[in-house]
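# Overview (structure and organization)
If you want the building blocks of each chain, they are given just below.
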Amino acid sequence: MIAENLLNIKSKLPSGTRLVAVSKFHPVEKLQEAYDAGQRLFAESRPQEMAAKVPQMPADVQWHFIGHLQTNKLKLVLPYATLVESVDTLRLLVSIERWGAENERTVSVLLEQHISQDATKQGFTEAEILMVLTQAVRGAFPHIRFCGLMGMATLTDDSGVIHGDFSRLAETFAKAHSMLPELTEFKELSMGMSDDWPLALEHGSTLVRIGTAIFGPREY
Ligand SMILES: *Cc1c(COP(=O)(O)O)cnc(C)c1O
(Lines give C-alpha, C1' and ligand atoms only; values in the text may rest on other atoms or scores of the structure.)
Protein backbone atom coordinates (compact mmCIF):
# COMPACT_ATOMS: atom_id res chain seq x y z
CA MET A 1 0.00 0.00 0.00
CA ILE A 2 2.75 2.50 0.96
CA ALA A 3 4.75 1.58 -2.16
CA GLU A 4 1.67 2.00 -4.29
CA ASN A 5 0.86 5.40 -2.77
CA LEU A 6 4.41 6.62 -3.34
CA LEU A 7 4.39 5.47 -6.94
CA ASN A 8 1.04 7.03 -7.59
CA ILE A 9 2.03 10.44 -6.19
CA LYS A 10 5.46 10.44 -7.84
CA SER A 11 3.96 9.71 -11.23
CA LYS A 12 2.13 13.05 -10.98
CA LEU A 13 5.06 15.22 -9.91
CA PRO A 14 6.94 17.28 -12.47
CA SER A 15 10.71 16.65 -12.69
CA GLY A 16 11.63 19.70 -10.57
CA THR A 17 9.43 18.70 -7.63
CA ARG A 18 10.54 16.35 -4.84
CA LEU A 19 8.32 14.26 -2.60
CA VAL A 20 8.93 14.66 1.13
CA ALA A 21 7.42 11.70 3.01
CA VAL A 22 6.04 13.12 6.25
CA SER A 23 6.55 10.26 8.67
CA LYS A 24 5.64 11.94 11.97
CA PHE A 25 3.54 9.76 14.31
CA HIS A 26 4.30 6.65 12.26
CA PRO A 27 6.45 3.73 13.47
CA VAL A 28 9.83 3.05 11.81
CA GLU A 29 8.47 -0.15 10.23
CA LYS A 30 6.37 2.03 7.97
CA LEU A 31 9.29 4.32 7.19
CA GLN A 32 11.33 1.24 6.29
CA GLU A 33 8.56 0.10 3.96
CA ALA A 34 8.74 3.46 2.18
CA TYR A 35 12.54 3.24 2.12
CA ASP A 36 12.37 -0.21 0.55
CA ALA A 37 10.12 1.27 -2.12
CA GLY A 38 12.88 3.79 -2.93
CA GLN A 39 11.92 6.78 -0.77
CA ARG A 40 14.93 8.56 0.73
CA LEU A 41 13.53 11.91 1.83
CA PHE A 42 11.52 11.97 5.08
CA ALA A 43 10.25 14.71 7.39
CA GLU A 44 9.52 14.81 11.08
CA SER A 45 7.92 17.49 13.20
CA ARG A 46 8.98 16.64 16.77
CA PRO A 47 12.63 16.84 17.85
CA GLN A 48 12.62 13.78 20.15
CA GLU A 49 10.78 11.63 17.64
CA MET A 50 13.22 12.57 14.89
CA ALA A 51 16.30 11.99 17.05
CA ALA A 52 14.92 8.54 17.99
CA LYS A 53 14.16 7.51 14.41
CA VAL A 54 17.41 8.65 12.76
CA PRO A 55 19.61 5.83 14.16
CA GLN A 56 16.95 3.23 13.32
CA MET A 57 16.93 4.08 9.62
CA PRO A 58 19.61 3.58 6.95
CA ALA A 59 22.30 6.24 6.81
CA ASP A 60 21.40 7.49 3.33
CA VAL A 61 18.01 8.81 4.47
CA GLN A 62 17.67 12.59 4.24
CA TRP A 63 15.69 14.21 7.02
CA HIS A 64 13.79 17.48 6.87
CA PHE A 65 12.43 19.06 10.02
CA ILE A 66 9.00 20.64 9.56
CA GLY A 67 7.66 21.29 13.08
CA HIS A 68 7.87 23.95 15.70
CA LEU A 69 11.47 24.13 16.87
CA GLN A 70 12.24 25.48 20.31
CA THR A 71 15.67 27.00 20.72
CA ASN A 72 16.54 24.54 23.52
CA LYS A 73 15.93 21.56 21.17
CA LEU A 74 18.37 22.50 18.42
CA LYS A 75 20.86 19.80 19.30
CA LEU A 76 18.23 17.10 18.73
CA VAL A 77 17.55 18.33 15.21
CA LEU A 78 20.39 20.28 13.62
CA PRO A 79 23.00 17.49 13.59
CA TYR A 80 20.64 15.32 11.48
CA ALA A 81 18.40 17.59 9.43
CA THR A 82 19.56 18.37 5.90
CA LEU A 83 16.92 21.10 5.83
CA VAL A 84 14.92 22.87 8.54
CA GLU A 85 11.77 23.89 6.66
CA SER A 86 9.96 25.61 9.51
CA VAL A 87 12.01 28.59 10.64
CA ASP A 88 9.32 30.97 11.80
CA THR A 89 10.93 33.57 14.08
CA LEU A 90 13.96 35.82 14.12
CA ARG A 91 14.77 34.46 17.56
CA LEU A 92 15.03 30.93 16.16
CA LEU A 93 17.19 32.14 13.29
CA VAL A 94 19.58 33.85 15.70
CA SER A 95 19.82 30.65 17.78
CA ILE A 96 20.49 28.54 14.69
CA GLU A 97 23.22 30.98 13.63
CA ARG A 98 24.84 30.66 17.05
CA TRP A 99 24.62 26.85 16.96
CA GLY A 100 26.20 26.85 13.49
CA ALA A 101 29.06 29.06 14.65
CA GLU A 102 29.70 26.94 17.74
CA ASN A 103 29.61 23.68 15.80
CA GLU A 104 31.31 24.95 12.65
CA ARG A 105 28.36 23.95 10.52
CA THR A 106 26.23 25.69 7.93
CA VAL A 107 22.55 24.98 8.48
CA SER A 108 20.16 24.92 5.51
CA VAL A 109 16.77 26.47 6.19
CA LEU A 110 13.51 27.56 4.63
CA LEU A 111 11.66 30.54 6.04
CA GLU A 112 8.04 29.78 6.88
CA GLN A 113 5.55 32.38 5.72
CA HIS A 114 2.18 32.71 7.40
CA ILE A 115 -0.18 32.34 4.44
CA SER A 116 -3.26 30.60 5.87
CA GLN A 117 -6.48 32.24 6.99
CA ASP A 118 -6.59 29.92 10.02
CA ALA A 119 -6.13 31.23 13.54
CA THR A 120 -2.56 29.92 13.76
CA LYS A 121 -0.02 32.70 13.86
CA GLN A 122 2.97 30.58 12.90
CA GLY A 123 5.26 32.12 10.33
CA PHE A 124 6.74 35.38 9.09
CA THR A 125 4.91 38.01 7.06
CA GLU A 126 6.19 38.76 3.57
CA ALA A 127 7.73 42.03 4.77
CA GLU A 128 9.59 40.24 7.56
CA ILE A 129 10.91 37.63 5.13
CA LEU A 130 12.25 40.24 2.73
CA MET A 131 13.86 42.05 5.66
CA VAL A 132 15.53 38.88 7.00
CA LEU A 133 16.81 37.98 3.53
CA THR A 134 18.18 41.49 3.03
CA GLN A 135 20.09 41.13 6.30
CA ALA A 136 21.28 37.68 5.22
CA VAL A 137 22.67 39.05 1.96
CA ARG A 138 24.54 41.66 4.00
CA GLY A 139 26.20 38.87 5.98
CA ALA A 140 24.12 38.74 9.15
CA PHE A 141 23.87 34.91 9.20
CA PRO A 142 27.13 33.41 7.94
CA HIS A 143 26.25 29.90 9.23
CA ILE A 144 22.83 29.73 7.62
CA ARG A 145 22.07 28.80 4.03
CA PHE A 146 18.76 30.30 2.95
CA CYS A 147 17.24 27.73 0.58
CA GLY A 148 13.71 29.05 0.08
CA LEU A 149 10.24 29.35 1.57
CA MET A 150 7.68 27.06 3.18
CA GLY A 151 3.99 27.61 3.79
CA MET A 152 0.79 25.86 4.83
CA ALA A 153 -2.49 26.75 3.18
CA THR A 154 -5.78 27.25 5.00
CA LEU A 155 -7.57 24.04 6.05
CA THR A 156 -10.62 24.36 3.84
CA ASP A 157 -12.49 22.70 0.97
CA ASP A 158 -12.56 26.04 -0.84
CA SER A 159 -9.91 25.66 -3.53
CA GLY A 160 -10.12 29.38 -4.32
CA VAL A 161 -8.83 30.18 -0.83
CA ILE A 162 -6.03 27.62 -1.14
CA HIS A 163 -5.00 28.98 -4.55
CA GLY A 164 -4.86 32.44 -3.00
CA ASP A 165 -2.63 31.22 -0.16
CA PHE A 166 -0.19 29.43 -2.47
CA SER A 167 -0.06 32.33 -4.89
CA ARG A 168 0.97 34.69 -2.06
CA LEU A 169 3.84 32.38 -1.14
CA ALA A 170 4.91 32.12 -4.79
CA GLU A 171 4.75 35.91 -5.02
CA THR A 172 7.08 36.39 -2.04
CA PHE A 173 9.44 33.84 -3.61
CA ALA A 174 9.47 35.79 -6.89
CA LYS A 175 9.98 39.11 -5.08
CA ALA A 176 12.91 37.72 -3.10
CA HIS A 177 14.54 36.59 -6.33
CA SER A 178 14.11 39.88 -8.12
CA MET A 179 15.12 42.04 -5.12
CA LEU A 180 18.04 39.88 -4.03
CA PRO A 181 19.69 38.12 -6.99
CA GLU A 182 22.63 37.38 -4.67
CA LEU A 183 20.52 34.59 -3.14
CA THR A 184 21.76 31.93 -5.51
CA GLU A 185 20.73 29.02 -3.29
CA PHE A 186 17.19 30.24 -2.71
CA LYS A 187 15.49 27.59 -4.85
CA GLU A 188 12.92 25.68 -2.82
CA LEU A 189 9.24 26.50 -2.59
CA SER A 190 7.81 23.99 -0.12
CA MET A 191 4.04 23.84 -0.32
CA GLY A 192 1.35 21.21 -0.68
CA MET A 193 0.19 18.47 1.72
CA SER A 194 -2.03 15.37 1.30
CA ASP A 195 -5.18 17.33 0.52
CA ASP A 196 -3.83 20.21 -1.53
CA TRP A 197 -0.59 19.21 -3.26
CA PRO A 198 -2.06 19.15 -6.79
CA LEU A 199 -3.02 22.81 -6.33
CA ALA A 200 0.45 23.66 -4.99
CA LEU A 201 2.04 22.24 -8.15
CA GLU A 202 0.17 24.84 -10.18
CA HIS A 203 2.03 27.54 -8.24
CA GLY A 204 5.48 26.07 -8.73
CA SER A 205 6.00 23.92 -5.63
CA THR A 206 9.42 22.22 -5.56
CA LEU A 207 8.77 20.20 -2.36
CA VAL A 208 5.46 18.57 -1.52
CA ARG A 209 5.19 17.39 2.10
CA ILE A 210 2.85 14.41 2.18
CA GLY A 211 2.03 12.21 5.16
CA THR A 212 -1.49 10.79 5.32
CA ALA A 213 -1.76 10.08 1.58
CA ILE A 214 1.35 7.87 1.85
CA PHE A 215 1.15 6.28 5.31
CA GLY A 216 -2.56 6.50 6.17
CA PRO A 217 -3.89 8.08 9.39
CA ARG A 218 -1.23 8.96 11.98
CA GLU A 219 -0.83 6.24 14.60
CA TYR A 220 0.13 8.15 17.73
C1 LIG B 1 1.91 17.00 9.22
C2 LIG B 1 2.45 17.97 8.23
C3 LIG B 1 2.38 17.71 6.84
C4 LIG B 1 1.72 16.49 6.24
O5 LIG B 1 0.33 16.50 6.44
P6 LIG B 1 -0.62 15.42 5.71
O7 LIG B 1 -1.93 16.11 5.66
O8 LIG B 1 -0.62 14.20 6.56
O9 LIG B 1 -0.06 15.18 4.35
C10 LIG B 1 2.96 18.63 5.99
N11 LIG B 1 3.57 19.74 6.45
C12 LIG B 1 3.65 20.02 7.75
C13 LIG B 1 4.33 21.26 8.19
C14 LIG B 1 3.08 19.15 8.68
O15 LIG B 1 3.17 19.45 10.00
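Described below are features of the structure shown in this document. (Residues numbered from 1 in each chain as written. Predicted model: local features only at pLDDT ≥ 70, side-chain atom pairs only at ≥ 80, totals over all residues. Heavy atoms only, no water.)

This next bit is on the nonpolar core. One finds Phe42, Val84, Leu111 and Phe146 to be the most contacted residues of the largest nonpolar core, which totals 61 residues. For this core, the element with the most residues is helix H7 (residues 159-179), which contributes six residues. Contacts of valine 84, omitting those with residues within four sequence positions, involve Phe65, Leu69, Val77, Leu78, Val107, Ser108, Val109 and Leu110. Listed in part, the 10 residues of the second largest apolar core include Val22, Leu83, Cys147 and Met150. (Core = buried A, V, L, I, M, F, W, Y, C linked by side-chain atoms within 4.5 Å. Buried < 20%, exposed > 50% of the residue type's maximum accessible area, 1.4 Å probe, protein only. Helix = DSSP H or I, 4+ residues; strand = E, 2+ residues; numbered from the N terminus. Contact = heavy atoms within 4.5 Å.)

Side chains bearing opposite charge may pair, as long as their charged atoms lie close to each other. Counted according to the given criterion, the structure contains nine salt bridges. Across the pair glutamate 219 and lysine 30 runs a salt bridge, and its minimum N-O distance is 2.7 Å. Highlighted residues: glutamate 219 in the segment after helix H9 (212-215) and lysine 30 in helix H2 (residues 28-36), separated in sequence by 189 residues. Two residues, aspartate 165 and arginine 168, come together in a salt bridge whose shortest N-O distance is 2.6 Å. In this pair, aspartate 165 and arginine 168 both sit in helix H7, three residues apart, roughly one turn of the helix. When its relative accessible area of 0% is taken as the criterion, aspartate 165 is described as buried. Residues participating in the shared-partner salt-bridge network are Glu44, Arg46, Glu49 and Lys53. (Salt bridge = Lys/Arg side-chain N within 4 Å of Asp/Glu carboxyl O.)

Taken by themselves, the reported measurements are silent on function.
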